[in-house]
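Structural description and commentary
Listed below are the residues making up each chain.
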Amino acid sequence: MHPVVVDQPYAFVPPYQGTWWPRFLQLFLRRQLRREYGVADVQCRGLDRLRESISAGHGVLLTPNHCRPCDPQVVSELCRQAGTAPQIMASWHLFKQGRLKAFLLRRFGAFSVYREGLDRQALQAGIDILQKSRRPLVLFPEGVITRTNDRLVALMEGPSFIARSAAKRRAERAAGGQVVIHPVAIKYFFHGDLEPALCSVLDDLERRLSWQPRRKCDLYERICRVGESLLCLKELEYLGQPQSGPIHERVERLIDHVLVPLEQEWLGGHREKAVVARVKKLRIAILPDMVHGQITDEERERRWGQLADMYLIQQMSHYPPEYIKSNPTPERMLETVERFEEDLTDVCRVYSPLTATVQVGEAIPVSPSREGKTREDPVMAMVEARLRSMLEELSSERD
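**Digging into the packing of helix α10 (residues 247-267) against helix α12 (residues 297-316)**
Contact geometry for α10 and α12: axes closest at 10 Å, N-to-C directions at 145°. In this structure, α10 meets α12 at a crossing whose hand is left-handed. Facing α10, whose interface residues are Val251, Leu254, Ile255, Val258, Leu259, Leu262, Glu265 and Trp266, α12 presents Glu299, Arg302, Arg303, Gln306, Asp309, Met310, Ile313 and Met316. When its residues are assigned to classes, the contact of α10 with α12 shows ten nonpolar, one polar and five charged.

**Looking at the nonpolar core**
Counting residues in each nonpolar core, the largest one holds 47 residues, and the members touching the most others are Val74, Leu198 and Ile223. When sequence neighbours within four positions are dropped, the list of residues in contact with isoleucine 223 reads Leu198, Leu202, Ile324, Met333, Thr336, Val337 and Phe340. Counting 33 residues, the second-largest nonpolar core is a separate cluster that includes Val5, Leu105, Val279 and Val291.

**A closer look at the pattern of salt bridges**
Summed over the entire model, instances satisfying the criterion amount to 33 salt bridges. One salt bridge in this structure joins glutamate 338 and arginine 68, with 2.8 Å as the shortest N-O distance. Here the residue glutamate 338 occupies a position in helix α13 (residues 330-345), and arginine 68 occupies one in the loop between β2 (59-64) and α4 (71-81), the gap between them amounting to 270 residues. The pair glutamate 338 / arginine 68 is uniform in exposure class, with both members buried.

**Here we look at the side chain of arginine 250**
Structurally, arginine 250 is set in helix α10. Its relative accessible area of 3% is what places arginine 250 among the buried residues. Residues contacting arginine 250, with those up to four places away along its chain left out, are Glu228, Leu231, Cys232, Glu235, Gln243, Ser244 and Gly245.

**Brief notes about the state of the cysteines**
Under the definition given, this model contains zero disulfides. As a non-bridged cysteine, cysteine 199 has cysteine 217 as the owner of its nearest cysteine sulfur, 11 Å distant. A relative accessible area of 23% means that cysteine 199 is categorised as partly exposed. When its relative accessible area of 23% is taken as the criterion, cysteine 217 is described as partly exposed.

**A look at the environment of leucine 334**
Here leucine 334 lies in helix α13. Along the primary structure leucine 334 and valine 4 are separated by 330 residues, whereas in three dimensions their C-alpha atoms are 24 Å apart.

How each quantity is defined
Residues numbered from 1 in each chain as written. Predicted model: local features only at pLDDT ≥ 70, side-chain atom pairs only at ≥ 80, totals over all residues. Heavy atoms only, no water. Axes fitted to C-alpha atoms, helices over the stretch in contact; angles between N-to-C directions. Helix = DSSP H or I, 4+ residues; strand = E, 2+ residues; numbered from the N terminus. Left-handed = near helix turned anticlockwise from the far one by under 90°. Contact = heavy atoms within 4.5 Å. Nonpolar A, V, L, I, M, F, W, Y, C, P; charged D, E, K, R; others polar. Core = buried A, V, L, I, M, F, W, Y, C linked by side-chain atoms within 4.5 Å. Buried < 20%, exposed > 50% of the residue type's maximum accessible area, 1.4 Å probe, protein only. Salt bridge = Lys/Arg side-chain N within 4 Å of Asp/Glu carboxyl O. Disulfide = S-S within 2.5 Å.

Laid out in structure tokens, this is it:
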């Protein structure tokens, strides 16, 4: 389990206002991407759209998909090529991984958001950035790293709330310009020899299952067998025996088996639609007493067990049904194996060479008030539609 939850009182890490440090650190982006993430090149499209919005004095919000840990660096490289440096809302747990990392993150342009509660300071910081329009603001609307480059999970509505609040403030103060959202599609392509690249990690995964490595099997078949075996193990752990039926039904059954009792205990049975939102609601309910030390050691241990179960379930929800069966591209097979390894060991090997193609979408103007009375946020619906369209277009370049 990655340390994404911190049972300590939250301390907001504000945006760094200077520009020297972000510009300096941008000089090392390509080297970092190559050495730490295997990304050999970043190809940016639609830079003129971003430059035009900046030149017009608009408050610019970038909303990229979030499929890999290096996405913030890729977006910063996009901004560097456009002649600017972004400010990025980042989960607070990243600032708790050492003083040096926290120092560099903030100078890089990141500021914290507390995902286990309502963080008014982070919201206000985002609104201020868009109101003053000095630098673009980056928010990842999926809220999690998915490792599924061709698919989006449900988008959160926080970006539109921040954008509308900033638009309202600009209108009240007659500041001129608009607040606009540019959807940003990031698509990674793997250019190496896939089978040798994945052979060693599949060997290790099969040994963990007490198998002999099945090197003579087809690569696709090996991946599917490992995935189904890992699911069977979790079904044995939580349900007592392996289940039958289509894989997606078995995954949904396991998700509800874990989350529904927790929702009954902590939320009175209330549940959100998307798994990420369900897990977030539960964390918000479970953590406060842990943070304030108002529980026994035994109860703390019980809640940590619940948080670990929720983390596992959230990770399982990021395996889309038929993801590689419907279209077994090298990237989809690579992403699936990466997630296997990461979910089992909390680390993931670097596969190279990757290239990142980044497409900036057309600007979406944001009005100060929400239009219409539909349950679905119209701005986020438009952001999602454009992201999906751009990702489909980029993915077709592999065909």
